[in-house]
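Spelled out, the chains give:
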Amino acid sequence: MTDETHDPSAHPQLSPDTILVRGGLTRSQHKETSEAIFLTSGFVYDSASEAEARFKGEAPGYLYGRYANPTNRMLEERLAAIDGAQTCRLTASGMAAVTAALLAPLRAGDHVVAGKALFSSCRWVIETFMPRYGIEFTLVDSTDVAAWQAAIRPNTKTFFLESPSNPTLDVSDIAAVAGLAKACGVRLIVDNIFASPILQRPFELGADVVVYSTTKHMDGAGRTLGGAILGSTAFMEEHIDPYLRHTGPAMSPFVAWNVLKGLETLSMRVERASASAARLADVIAAHPATNYVRYPHRTDHPQYALASRQMKSGGTLLAFELKGGKQAAFAFLDALQIVDISNNLGDSKSLATHPATTTHYSFAPEVQAELGVTSGLVRLSVGIEDSADLVKDVEAALNAALG
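Residues numbered from 1 in each chain as written. Predicted model: local features only at pLDDT ≥ 70, side-chain atom pairs only at ≥ 80, totals over all residues. Heavy atoms only, no water.

K.L.:
Give a detailed account of the layout of surface pockets, specifying residues and quantitative values.
P.N.:
Think of a ball as big as a water molecule: rolled over the atoms, this probe shows where empty space is left. Its boundaries defined by the atoms lining it, the largest pocket holds a volume of some 600 Å³. Tyr67, Ala68, Arg73, Asp241 and Arg245 are, among the 24 residues lining the largest pocket, the residues nearest its centre. For the lining of the largest pocket, the secondary structure elements donating two or more residues are α2 (48–55), α3 (70–83), β3 (87–91) and α10 (233–247). Of the residues belonging to the lining of the largest pocket, the class tally is 12 nonpolar, 5 polar and 7 charged. Looking at the lining of the second largest pocket, the elements with two or more residues in it are α4 (94–103) and α9 (215–219). For the lining of the second largest pocket, the leading source of residues is α4, giving 3 residues. Among the residues forming the lining of the second largest pocket, the class breakdown is 9 nonpolar, 8 polar and 4 charged. (1 Å grid on protein atoms, 1.4 Å probe; cavity = no way out; pocket = protein on both sides within 12 Å on 5 of 7 lines; lining within 4 Å. Points joined across faces, edges and corners; volume = space filled by probe spheres on them. Helix = DSSP H or I, 4+ residues; strand = E, 2+ residues; numbered from the N terminus. Nonpolar A, V, L, I, M, F, W, Y, C, P; charged D, E, K, R; others polar.)

K.L.:
I'd like a description of the packing of α4 against helix α5 (residues 120–129), backed by residues and values.
P.N.:
Where α4 meets α5, the axes come as close as 10 Å, and the angle between the chain directions of the two elements is 35°. Regarding α4 and α5, the two cross each other, and that crossing is right-handed. Packed against α4, whose contacting residues are Met95, Val98, Thr99, Leu102 and Leu103, the element α5 presents Ser121, Cys122, Val125, Ile126 and Phe129 at the interface. Looking at the contact of α4 with α5 residue by residue, the class counts come to 8 nonpolar, 2 polar and no charged. (Axes fitted to C-alpha atoms, helices over the stretch in contact; angles between N-to-C directions. Left-handed = near helix turned anticlockwise from the far one by under 90°. Contact = heavy atoms within 4.5 Å.)

K.L.:
Provide a residue-level description of the nonpolar core, including the pertinent values.
P.N.:
With 44 residues, the main nonpolar core has Leu75, Leu79, Phe159 and Leu188 as its most contacted residues. Those residues within four positions of Leu75 in sequence are excluded, and the remaining contacts are Leu90, Met251, Ala256, Val259, Leu260 and Leu263. In this structure, Ala329, Leu333, Val378 and Leu390 belong to the second largest nonpolar core, which totals 27 residues. (Core = buried A, V, L, I, M, F, W, Y, C linked by side-chain atoms within 4.5 Å. Buried < 20%, exposed > 50% of the residue type's maximum accessible area, 1.4 Å probe, protein only.)

K.L.:
An account of the sheet that holds strand β8 (residues 209–213) is requested, with residue identities and associated values reported.
P.N.:
With mixed pairing, the 7 strands of this open sheet are ordered in space as β3-β9-β8-β7-β6-β4-β5. Edge positions in the sheet fall to β3 and β5 (136–140), since each has one partner strand and no second. Strand after strand, the sheet turns through a mean of 20° between neighbouring axes, direction not considered. The pairing of strand β4 (residues 111–115) with strand β6 (residues 156–162) spans 4 bridges and is classified as parallel. When the sheet's bridge partners are listed, Ala114 is paired in β6 with Phe160. In the packing of α10 onto the sheet, contacts are made with β3, β7 (187–191), β8 and β9 (227–231), and the angle to β3 comes to roughly 20°. (Pairing = 2+ DSSP bridges.)

K.L.:
Kindly report on empty space enclosed by the protein, identifying the contributing residues and their values.
P.N.:
Within the structure shown, the criterion is met by 2 cavities of 30 Å³ or more. In this structure, the largest cavity encloses a volume near 60 Å³. Looking at the largest cavity, the residues that line it are His217, Arg269, Val270, Ala273, Thr316, Gly346, Asp347, Ser348, Val382, Gly383 and Ile384. With 3 residues, the top contributor of residues to the lining of the largest cavity is helix α12 (residues 266–285). Residues of the lining of the largest cavity, tallied by class, amount to 4 nonpolar, 5 polar and 2 charged. By volume, the second largest cavity is sized at about 40 Å³.

K.L.:
Can you explain the pattern of salt bridges? Please cite residues and give values.
P.N.:
For the coordinates displayed, the defined rule picks out 17 salt bridges. Here Glu271 makes a salt bridge to Lys312, at a shortest N to O gap of 3.4 Å. One end of the pair, Glu271, is in helix α12; the other, Lys312, is in the loop between α13 (304–310) and β11 (317–322), and 41 residues separate them in sequence. Under the relative-accessibility criterion, Lys312 is labelled exposed at 56%. Close ionic contact of Asp282 with Arg298 constitutes a salt bridge, the shortest N to O distance being 2.6 Å. With Asp282 in helix α12 and Arg298 in the loop between β10 (290–294) and α13, this residue pair connects regions lying 16 residues apart in the sequence. Given the relative accessible area of 43%, Asp282 is considered partly exposed. Given the relative accessible area of 19%, Arg298 is considered buried. One salt-bridge network, held together by shared partners, links Glu35, Arg78, Lys261 and Glu264. (Salt bridge = Lys/Arg side-chain N within 4 Å of Asp/Glu carboxyl O.)

Read these as layout, nothing more, since geometry by itself doesn't imply function.
So this is what it looks like as structure tokens:
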């Protein structure tokens, strides 16, 4: 790489849309237009003394693909710039990012408070995996700030929440929870996957660490798996860098390149999909096959006022309950002609799933009931297809769900 770096993130007068296209861009001596992919496992040195100096941190340069890569570095700088973080580290999947952010700073005897409404793998890490190493946990209603307060212990080190949550789209007051965390010396980690950095800015609300699955909106085309951890330089250097270096959940530079290209259209895709999601939420709410719709910017959402303040729009996802339970949900899904049945989300294609039998199937029935994951619940991730076509498809499937 040359020293020629075009980094608009250093110029705060530039808009986020410009940073999404050009943030962190570094060109090689060939002056390529698009970001270069450095598909290499390692790097060479001009001399043994240069290798020694790099490993000691006395000379700049890359060491090994598991530690860092020029393509990955561009993505890290772009993500940090768009989210307003000091720095970013990449991982091979969203769950690798969540696990690293949670586990790396903790040790036996520490305590974590987390929202109950979480993706099933996140709950497994907190409820099953971390206790094996002596880390304690308490699960709370993430929308109840008093519950967070009541759960704090002298050994509490971390708060963790999703907002909006998967799959019921509960919205937590990030600023209030962050204020409580700071007053108690606790680190707040926010999973911002559903909202994306386009619609919600957790660092501005007081979060210490933000995690993403880049698989979702950032790639946006169903091509790759990836994750990102964003936070302070001190947090990364003390906790995340040693963990990633020695455990090895590195993102492929090919994946990083795909995500870089996906970011160029992130804002347009999220805004278009969100507009369609809002329209579909109204259509579904008015249909006789449904009991209710959960969409953050609808006035009937339980945290509507908060979501209106905290999120730029209602987002690309919605959830709704069909009156006929599982039978009606399956009839709805099977009748879809445009929307695909898939447990993924944040894609350019619209995707629908039945959480009780897919993403949250491993939860005990009483846990599903507590979270609102009923047999009739459907989660819909809205893509960028023509809005009118989506309405026709969903209305026809709702009619099929009536039986």
